[in-house]
Amino acid sequence: MKKFFILVKKEIRELLTPQMLIPLLVVVLIFNFVGKIIGKEVKKSQVPQPIEIIDLDRSAVSQSVIEIIKKSNFAPNVTIENKKEEILAQARQKKEKAMLVIPAGFEKGIKNFEPQKIEVYNIMRNFSVTGSRDAAILNAAIAAINEVLSNQLISQAILGKDPGQLKRPVLTNEFVMVGEKTANISAAAVSGFIASQTTFIPIILFLIIVFASQMIATSIASEKENKTLETLLSTPVSRKFIVASKLFAAGFVALITAVVYLFGMRNYMTSMTGGSGTNLDGATKNAIIELGLQFSTYDYVLLGLSLFFGILAALAISFILGSFAQDTKSAQGVVAPLMILILVPYLLTMLLDFSSLSPLVRNLVYAIPFSHPFLAAPSLLLNQYQNVWLGIGYLAFFFIVAVIIASKIFSTERIFTLRLKFKKSNFKIGK
Amino acid sequence: MKAVEVKNLIKTYGDIRAVDGIDFDVNENEIFALIGPNGAGKSTTLRILATILTPSSGEAFVYGNNVRKDPDSVRKLISYLPEEAGAYKALSGMAYLKFMADLYTDDSKKKTEAVEVALRIANLGNRIKDKIKNYSKGMTRKLLLARAVMMKPKLAILDEPTSGLDVINAMEIRKIIRDLSRQGMSVLLSSHNMLEIEFLSDRVGLIHRGKMYEIGTAEELKKEHNAKNLEEVFMATAAINRISL
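Residues numbered from 1 in each chain as written. Chains lettered and ligands numbered in written order. Predicted model: local features only at pLDDT ≥ 70, side-chain atom pairs only at ≥ 80, totals over all residues. Heavy atoms only, no water.

**Concerning the packing of helix α1 (residues 2-15) of chain A against helix α3 (residues 93-104) of chain B**
To characterise two packed helices, one gives the angle between the axes of the helices and the distance between these axes.
Turning to step 1, where the next piece is worked out: Contact pair α1(A) / α3(B): the axes reach a minimum separation of 9 Å and the direction vectors enclose 155°. By the angle between their axes, α1(A) is roughly antiparallel relative to α3(B). Handedness of the α1(A)/α3(B) crossing: left-handed. Note on element contacts: α3(B) touches α1(A) through B:Ala95, B:Phe99, B:Asp102, B:Leu103 and B:Tyr104, opposite A:Lys3, A:Ile6, A:Leu7, A:Lys10 and A:Arg13. (Axes fitted to C-alpha atoms, helices over the stretch in contact; angles between N-to-C directions. Helix = DSSP H or I, 4+ residues; strand = E, 2+ residues; numbered from the N terminus. Parallel < 35°, antiparallel > 145°, perpendicular 65-115°, else oblique. Left-handed = near helix turned anticlockwise from the far one by under 90°. Contact = heavy atoms within 4.5 Å.)

**Some words on the nonpolar core**
Turning to step 1, where the next piece is worked out: Grouped together as the largest cluster of nonpolar side chains are 174 residues, with contacts concentrated most on B:Phe24 and B:Leu49.
Turning to step 2, where the next piece is worked out: Examining the composition of this core, we find that 15 residues originate from one element, helix α9 (residues 200-225) of chain A, more than from any other.
Turning to step 3, where the next piece is worked out: Not counting chain neighbours up to four residues away, the residues in contact with B:Leu49 comprise B:Val4, B:Val6, B:Phe24, B:Ala60, B:Phe61, B:Val62, B:Val67, B:Val74, B:Ile78, B:Ile157 and B:Leu188.
Turning to step 4, where the next piece is worked out: Listed in part, the 18 residues of the second largest apolar core include A:Ile51, A:Val65, A:Ala98 and A:Ile145. (Core = buried A, V, L, I, M, F, W, Y, C linked by side-chain atoms within 4.5 Å. Buried < 20%, exposed > 50% of the residue type's maximum accessible area, 1.4 Å probe, protein only.)

**Structural notes on the sheet that holds strand β1 (residues 4-13) of chain B**
Residue and element names in this part refer to chain B.
Turning to step 1, where the next piece is worked out: In spatial order, the strands read β2-β1-β4-β5; together these four strands make up an open sheet with antiparallel pairing. Of all strands in the sheet, those with a lone pairing partner are β2 (16-26) and β5 (65-66), marking the two edges.
Turning to step 2, where the next piece is worked out: Summarising the sheet, strand β4 (residues 57-62) and β5 pair through two bridges and their orientation is antiparallel. Along β5, the bridge assignment pairs Val62 with Asn65.
Turning to step 3, where the next piece is worked out: Where helix α1 (residues 42-49) meets the sheet, it contacts β1, β2 and β4, and its direction lies at approximately 115° from that of β1. (Pairing = 2+ DSSP bridges.)

**With respect to the interface of chain A and chain B**
Turning to step 1, where the next piece is worked out: Listed by partner, the interface residues are 24 residues for chain A and 31 residues for chain B.
Turning to step 2, where the next piece is worked out: Between chain A and chain B, a total of about 2,600 Å² is buried, with carbon and sulfur atoms accounting for 57% of that surface.
Turning to step 3, where the next piece is worked out: For chain A, the biggest contributors to the area lost against chain B are A:Glu230, A:Ser234 and A:Glu413; these three give 22% of the whole.
Turning to step 4, where the next piece is worked out: Scanning the region where chain A abuts chain B turns up three salt bridges.
Turning to step 5, where the next piece is worked out: Among the ionic pairs, A:Glu230 bridges to B:Arg47, the shortest N-O distance being 2.6 Å.
Turning to step 6, where the next piece is worked out: Where chain A touches chain B, the interface holds eleven residue pairs in polar contact (both at pLDDT 80 or more).
Turning to step 7, where the next piece is worked out: Listed by contribution, the elements that provide at least two residues to the side of chain A that touches chain B are α1 and α10 (229-233) of chain A.
Turning to step 8, where the next piece is worked out: Here the side of chain A that touches chain B gets seven residues from one element, more than from any other, and that element is α1(A). (Buried area = accessible area lost by both parts, 1.4 Å probe. Salt bridge = Lys/Arg side-chain N within 4 Å of Asp/Glu carboxyl O. Polar contact = N/O pair within 3.5 Å; in protein donor to acceptor, adjacent residues only side chain to side chain.)

**A few points about the domain arrangement of chain A**
Turning to step 1, where the next piece is worked out: According to the domain assignment, chain A consists of domain 1 (2-37 + 184-417) and domain 2 (46-167).
Turning to step 2, where the next piece is worked out: For domain 1 of chain A and domain 2 of chain A, the distance between their C-alpha centres works out to 52 Å. (Domains from an automatic or database assignment.)

**Here we look at the sheet that holds strand β9 (residues 203-208) of chain B**
Residue and element names in this part refer to chain B.
Turning to step 1, where the next piece is worked out: Spatially, β6-β7-β8-β3-β9-β10 is the arrangement adopted by the six strands of the open sheet, whose pairing is mixed. What marks the edges here is a single partner per strand, and that holds for β6 (78-81) and β10 (211-216). The sheet shows a mean angle of 15° between the axes of neighbouring strands, taken without regard to direction.

**Quick look at the environment of B:Ile121**
All names here are of chain B.
Turning to step 1, where the next piece is worked out: Looking at where Ile121 falls in the secondary structure, it is placed in helix α4 (residues 108-122).
Turning to step 2, where the next piece is worked out: Exposure remark for Ile121: the relative accessible area of 9% places this residue in the buried category.
Turning to step 3, where the next piece is worked out: Expressed as a C-alpha distance, the spacing of Ile121 and Thr51, which sit 70 residues apart in the sequence, is 26 Å.
Turning to step 4, where the next piece is worked out: Those residues within four positions of Ile121 in sequence are excluded, and the remaining contacts are Lys142, Ala146, Val149, Glu172 and Ile176.

**Quick look at helix α5 (residues 137-149) of chain B**
Turning to step 1, where the next piece is worked out: When the terminal C-alpha atoms of α5(B) are compared, their 19 Å separation across 13 residues agrees well with the 18 Å that a helix rising 1.5 Å per residue should span.
Turning to step 2, where the next piece is worked out: Of all 13 residues in α5(B), twelve are buried, a share of seventy percent or more.
Turning to step 3, where the next piece is worked out: Buried-residue contacts for α5(B) involve α10 of chain A together with β6, α3, α4, β7 (155-159) and α6 (167-182) of chain B. (Expected span 1.5 Å × (residues − 1).)

**A closer look at the pairing of β4(B)**
All names here are of chain B.
Turning to step 1, where the next piece is worked out: Bridge count for β1 against β4 is five bridges, and the pairing is antiparallel. Note that in β4 the partner of Lys7 across the bridge is Glu59.
Turning to step 2, where the next piece is worked out: Hairpin geometry of β4 and β5 is characterised by an intervening segment of two residues between the two adjacent antiparallel strands and by a positive phi of about 45° at Tyr63.

**A word on the packing of α9(A) against helix α17 (residues 371-381) of chain A**
Residues and elements named next belong to chain A.
Turning to step 1, where the next piece is worked out: Running from N to C, α9 and α17 point in directions that differ by 160°, and their axes come no closer than 10 Å. Relative to α17, the element α9 is oriented roughly antiparallel. The handedness of the crossing between α9 and α17 comes out as right-handed. Here α9 contributes Ile201, Pro202, Leu205 and Phe206 to the contact with α17, which in turn contributes Pro373, Phe374 and Ala377.

**Topic: a positive patch on the surface**
Turning to step 1, where the next piece is worked out: Taken together, the side chains of A:Lys9, A:Arg13, B:Lys98, B:Lys131 and B:Lys133 present a region of like positive charge at the surface.
Turning to step 2, where the next piece is worked out: Along the chain, the position of B:Lys133 falls in the loop between α4 and α5.
Turning to step 3, where the next piece is worked out: Residue B:Lys133 is classed as partly exposed on the basis of its relative accessible area of 45%. (Patch = residues over 30% accessible without salt bridge, like charges linked within 9 Å, V, L, I, M, F, W, Y side chains within 5 Å. Areas by Shrake-Rupley, 256 points an atom, 1.4 Å probe, with all protein chains shown as cover. Lys, Arg positive; Asp, Glu negative; His and termini not counted. Charge placed at Lys NZ, Arg CZ, Asp CG, Glu CD.)

**Details of the environment of B:Asn229**
Residue and element names in this part refer to chain B.
Turning to step 1, where the next piece is worked out: Positionally, Asn229 belongs in the loop between α8 (218-224) and α9 (230-240).
Turning to step 2, where the next piece is worked out: Judged by relative accessible area, which is 19%, Asn229 ranks as buried.
Turning to step 3, where the next piece is worked out: Distance from Asn229 to Asp202, taken between C-alpha atoms, is 15 Å for residues 27 residues apart in sequence.
Turning to step 4, where the next piece is worked out: Leaving out residues up to four positions away in the same chain, Asn229 has contacts with Leu195, Glu198 and Lys222.
Turning to step 5, where the next piece is worked out: Of note is the side chain of Asn229, whose polar atom sits 3.1 Å from the backbone nitrogen of Glu231.

In structure tokens, the structure reads:
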């Protein structure tokens, strides 16, 4: 066993080279840097945004419009003179986001139930997410103006009635049923909560499997390329230890790499959202608990087992694929089919309702071992424990078979003789 | 007991017979050299004895242990230096020697002794602490040879041991191999440098296109073929056996 750890130590030293660590740190720093910049921009946009308003009506209604705009996180600069061009030029110069023009006769028109038009000038300087966000906020403010004014008009027209009731005579009281449990909550709230809880799981899994596969294939190819494998295999060390140490070290380094990437990504996401996270109100929280949509300790154990065997299966397959590589360059190529096998369930589980797929497609996806860790989290939330256990069993079986094949390759001369052969096609140009 | 016994050994790759029914043996404490041009089957024979390759047919034994049936026992007795061997570039020379010693023994005293022997043979001074990726080809070869013999194996299998070394280093290595043999180590080596072999080996085997044509001491072979050196012996053997070179 001591020799196993000696080999693991050597493998880790070979894998954790400056060439591997420096890009990793650079990516994390870039994530942090970009996250901080975006965070600053988001904070800046949370400060009331200056906006020009030309109030040509100077009425009580136009004043209430200005008040609503103020409440919508804008700092209006109100003018009563009709100098549209001049003020627009000033707004552009002062890098303001928009200008509104409330026409003369606005109040009179509203009171006579005639539709009125407020001119909205959006000054666009870029087409980024933050740029379109300002326009969306302004639209929301206009919607709020419509809501307030229509309520006032309805109150005036039909005395003693609640405008809200008149506008929405049908209300919903939503219930969600998961398995046999029912709770008083909207489907949108449940979906939002589940997404916030499970989004990172497939990303973690995808990253770890991809890193681990590349590392183990590179590790074998590098031994071949640097001509160290023959020496290693002639030493009195069990070849099973050599195989196991490579699997263990690649898995360990992949785990570290994925954690570092996730740390960077988390910082990036936190900066983007301003660290708001998912704060559930009491009623929603109770409904989620009633539906059993929170992971229990048992769920976490099963999820961990599924992820663990998924990684092991990927490592063992990459080991076999890596045996075909003659050098580190070709190692990246030989693991490409595995990447596709991982990408298919990753995208399918992220984008589609798996249960709605045709039986043929569903069984094909089930046949891909890496589908099971991706499906484990939603299955656990839906209390489909049998599916999760079957998935773990399938992964364990797949891993054992792949390790037996990998050990057979390493125990024989096939490790030196296996290679991918591509026949060159002969092109002849005839007369 | 013979250090090595090879009986009708055959190794094929598809239609190619890399080793074609050779027989030879190596006595204890003897330096036996396989000589022949490139592609003669020398390295394939050594790789079979080092348990890297499996013979297609025939038998090979190292101190009575069958390389095919009991490779684990063979690996405990041998040390193998491949022709184009490399070392782990991320490690320093010292770390590499310690790592390899760890693979051979759990006894810390034996480990320390082995590393000291290797340091003496490699003779890299302070550069032993540098990363191997910064070594020249000659320095790496000396380190690898030191690694191959530091555990004082019962049989050292050395494929072109002085390949890539300059004259001074090559002479030094030859002397080391001779001294180790006198201390009780059997050596099976290969080379296409016939002058080197004449100086170094107790007996030689002339191999070409997978077949063994002559075995004997350098003196015996020279006398038999009325030749001045082993190169002339090889040319005479080729002429007798109508081998195209």
